[in-house]
Amino acid sequence: MLAVVQPYSTASPDVPHRQRSSRTLTHNNLASSQPPSLPTAPSKIPTTTTTTTTATPDADTPFDIISYPPSDLLKLLANILTHIATTNDHLSPSASSSSSSPSHYQSHQPPDPLSAPPIWHSLTTAARNAISTPAATLTFHARNIPTISLEAYLLRILKYCPTSNHVFLSLLVYFDRLSKLGQEAVGRSFVIDSYNIHRLVIAGITVASKFFSDVFYTNSRYAKVGGLPLHELNQLELQFLLLNDFRLVVSSADMQDY
């Protein structure tokens, strides 16, 4: 669950892990203002679902990722993800009889190596374990739906942890991949809903920022901006990587399609 955290006690942001001069992002892009605390969420019984949807790419309209206004991009992204989450919230309302044991979080036995699908043999051992057990999925499931809207959450991240449009757009690619990977490997899709979308976003931003950007923040910064304890974000980051089998490369063609 998104928790109330204290803002920074110092005026300067965390020191980035690394930097190179081959790209346009510089230290001047780093946010120096202090992130305020997020509000707590009211108690609510989680709703479980069984299906996820994906956005339909528009191949006829070229999209200039670099020059597109970030705030406008985040509004579009928030609308897509909110629609996916709220749709999944209402697909199987009768399946939410128990918040501690949702039906789509049941363990799946690893397939027999002889009859396993081809994708199974290409996965790392750690990714196989994560996809086959509910632990990785349950890590993202919050006890309550956060009170902050997804659009406000994304704009908050942009304000206090500014990064490139590629990082934000890559969330669609990663979310689609982790859903399809589970379906193809063990026959169970990762369902994106209102209880896990915020955690997926901050974990995805943390991972993608380190992969795409030359300059990025420490996990403590992302945790405070995302409203999570540091140890929880560390766990989310690891599970996000496992559920994607560490496949973070996104081609320019795929980025354009999404």
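These figures come from a predicted structure and were not determined experimentally.

Caption draft 1: Up close: the packing of aromatic side chains. With the rule as written, the count across this model stands at five aromatic pairs. Geometrically, the ring pair formed by Phe140 and Phe190 is edge-to-face, given 5.9 Å between the ring centres and 80 degrees between the ring planes. Taken as a pair, Phe140 in the loop between helix H4 (135-139) and helix H5 (150-160) and Phe190 in the loop between helix H6 (165-186) and helix H7 (197-212) lie far apart in primary sequence, 50 residues in all. Aromatic side chains Phe211 and Phe212 sit 5.3 Å apart centroid to centroid with 85 degrees between the ring planes, which places their arrangement in the edge-to-face category. On the basis of relative accessible area, Phe211 is assigned to the partly exposed category, the value being 36%. Among the aromatic side chains, those forming a connected cluster through ring pairs are Tyr174, Phe175 and Phe240.

Caption draft 2: Structural detail: the pattern of salt bridges. Under the counting rule described, the total for this entry stands at four salt bridges. With a shortest N-O distance of 3.2 Å, Asp176 and Lys180 are connected by a salt bridge. Placement of the pair is Asp176 and Lys180 together in helix H6, with a separation of four residues, close to one helical turn. Using a relative accessible area of 8% as the deciding quantity, one classes Asp176 as buried. The partner of Glu232 in a salt bridge is Arg199, with the nearest N and O atoms 3.2 Å apart. Taken as a pair, Glu232 in helix H9 (residues 230-243) and Arg199 in helix H7 lie far apart in primary sequence, 33 residues in all. Glu232 gets classed as partly exposed once you look at its relative accessible area, which sits at 24%. A relative accessible area of 6% means that Arg199 is categorised as buried.

Caption draft 3: Just the environment of His231, in detail. By the secondary structure assignment, His231 is in helix H9. What makes His231 exposed here is its relative accessible area of 57%. For the pair formed by His231 and Ser220, sequence separation is 11 residues and the distance between their alpha carbons is 9.0 Å.

Caption draft 4: The arrangement of the confidence of the model for the protein chain in detail. Here the protein chain averages 76 in pLDDT, while 68% of its residues score no lower than 70. The secondary structure element of the protein chain with the lowest average pLDDT is helix H2 (residues 118-122), at 73, and the one with the highest is H5, at 97.

Caption draft 5: Molecular detail of helix H3 (residues 125-132). Buried within H3 are the following residues: Ala127, Ala130, Ile131 and Ser132. Elements in contact with the buried residues of H3: H2, H4, H6 and H9.

Caption draft 6: Structural detail: helix H8 (residues 219-226). Most of H8 is tucked away: six of the eight residues are buried. Here H8 has its buried residues at Asn219, Arg221, Tyr222, Ala223, Val225 and Gly226. Its buried side turned inward, H8 meets H5, H7 and H9. Looking at the residues trailing H8, positive phi occurs at Gly227, about 75 degrees.

Caption draft 7: Region of the structure containing the packing of H5 against H8. The N-to-C vectors of H5 and H8 enclose an angle of 145 degrees; their axes lie 10 Å apart at closest approach. Remark: the crossing between H5 and H8 carries right-handed chirality. Contacts between H5 and H8 involve Tyr153, Arg156, Ile157 and Tyr160 on the former and, on the latter, Arg221, Lys224, Val225 and Gly226. Residue classes in the contact of H5 with H8 are distributed as four nonpolar, one polar and three charged.

Caption draft 8: Spatial organisation of the nonpolar core. By size, the foremost hydrophobic cluster in this structure holds 62 residues, and its most contacted members are Leu81, Ile157, Phe175, Val201 and Phe240. At the level of secondary structure, the elements contributing two or more residues to this core comprise helix H1 (70-89), H2, H3, H5, H6, H7, H8 and H9. Counting residues per element, this core draws most heavily on H6, at 12 residues. Each residue touching Phe175, except ones within four places of it in the same chain, is listed here: Leu81, Ile192, Ile197, Leu200, Val201 and Phe240.

Each value, and the rule that gives it
- Residues numbered from 1 in each chain as written.
- Predicted model: local features only at pLDDT ≥ 70, side-chain atom pairs only at ≥ 80, totals over all residues.
- Heavy atoms only, no water.
- Phe/Tyr/Trp six-rings, centres within 6.5 Å; stacked < 30°, edge-to-face > 60°.
- Helix = DSSP H or I, 4+ residues; strand = E, 2+ residues; numbered from the N terminus.
- Buried < 20%, exposed > 50% of the residue type's maximum accessible area, 1.4 Å probe, protein only.
- Salt bridge = Lys/Arg side-chain N within 4 Å of Asp/Glu carboxyl O.
- pLDDT = per-residue confidence, 0-100.
- Contact = heavy atoms within 4.5 Å.
- Axes fitted to C-alpha atoms, helices over the stretch in contact; angles between N-to-C directions.
- Left-handed = near helix turned anticlockwise from the far one by under 90°.
- Nonpolar A, V, L, I, M, F, W, Y, C, P; charged D, E, K, R; others polar.
- Core = buried A, V, L, I, M, F, W, Y, C linked by side-chain atoms within 4.5 Å.

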